[in-house]
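# Reading the structure
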Amino acid sequence: MSPWKRTHRAVWVANLATAVGMMSFLPFFPSHLERLGVEGPAALAAWTGVVFGAAPLSAAFMSPIWGALGDRFGRRLMVLRAMLAITVFVGAMAFARSPWQLLALRLLQGVFSGFVAPSMTLVSLGAPAGEQGRIASSLQVAMSLGAIVGPLWGELVRLQAGQSAVYLSVAVLSAVSALMVLL
């Protein structure tokens, strides 16, 4: 098998696993924030919105920087950085004891994660010119499948082992994904 095909397959599976993980815990922020002491519908709605949006907000500021570093040091390194950041920061969410800690971890997750763009660039640039569009769209399929399966995965894990286990399962999925990309 050609190296670009092997890279494509590994990154496709890694993106699917990471997307499943990333979408598995988002629906549970309201109940998690309640357990962390947020009371009242207005406060809960505000905290949920802030915590949910924190990672995309910080990622928006960091994406150009990570893109430039990817051009300089390599896309694989950027994919690994993102997946390992998800491993660390989402895994740490299992141990958050206050809404502020959860918010800080989400902000840090956004600062250091962001695996979609470098994954697409890594795979697309290695593929022949006639395959690049198909390859990029197949990675979008992996992300879409992750968005579909993620909440179900999260609920199954939560029912079997609790909310903290959802975050830890995301960390494991992301660590395995990083290992796949590395190898």
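In what follows, the accompanying structure is described. If you're wondering where the values come from, they're calculated on a predicted model, not measured in any experiment.

## As for the side chain of serine 58
When you line up the elements, serine 58 lands in helix H3 (residues 41-73). Using a relative accessible area of 10% as the deciding quantity, one classes serine 58 as buried. In contact with serine 58, not counting residues within four places along its chain, are Arg106, Leu107, Gly110 and Val111.

## Some words on the nonpolar core
Formed by 44 residues in total, the largest nonpolar core has its most connected members in Phe25, Val90, Leu102 and Tyr167. Only helix H1 (3-25), helix H2 (29-35), H3, helix H4 (75-93), helix H5 (99-112), helix H6 (116-126), helix H7 (132-161) and helix H8 (163-182) provide two or more residues apiece to this core. Top element by residues in this core is H4. It accounts for 9 residues. Contact partners of tyrosine 167, with chain neighbours within four places excluded, come to Phe25, Phe29, His32, Val90, Gly91, Met93, Ala94 and Leu102.

## Describing H5
In a regular helix each residue adds 1.5 Å, so 14 residues correspond to 20 Å; H5 covers 20 Å between its end C-alpha atoms and thus fits that length. If you check which residues of H5 are buried, you get Pro99, Leu102, Leu103, Leu105, Arg106, Gln109 and Gly110. What you see down the axis of H5 is that its buried residues fit within an arc of 165 degrees, all on one side. Two residues or fewer after H5 comes glycine 114, characterised by a positive phi angle close to 110 degrees.

Conventions adopted
- Residues numbered from 1 in each chain as written.
- Predicted model: local features only at pLDDT ≥ 70, side-chain atom pairs only at ≥ 80, totals over all residues.
- Heavy atoms only, no water.
- Helix = DSSP H or I, 4+ residues; strand = E, 2+ residues; numbered from the N terminus.
- Buried < 20%, exposed > 50% of the residue type's maximum accessible area, 1.4 Å probe, protein only.
- Contact = heavy atoms within 4.5 Å.
- Core = buried A, V, L, I, M, F, W, Y, C linked by side-chain atoms within 4.5 Å.
- Expected span 1.5 Å × (residues − 1).
- Arc of directions from axis to C-beta.

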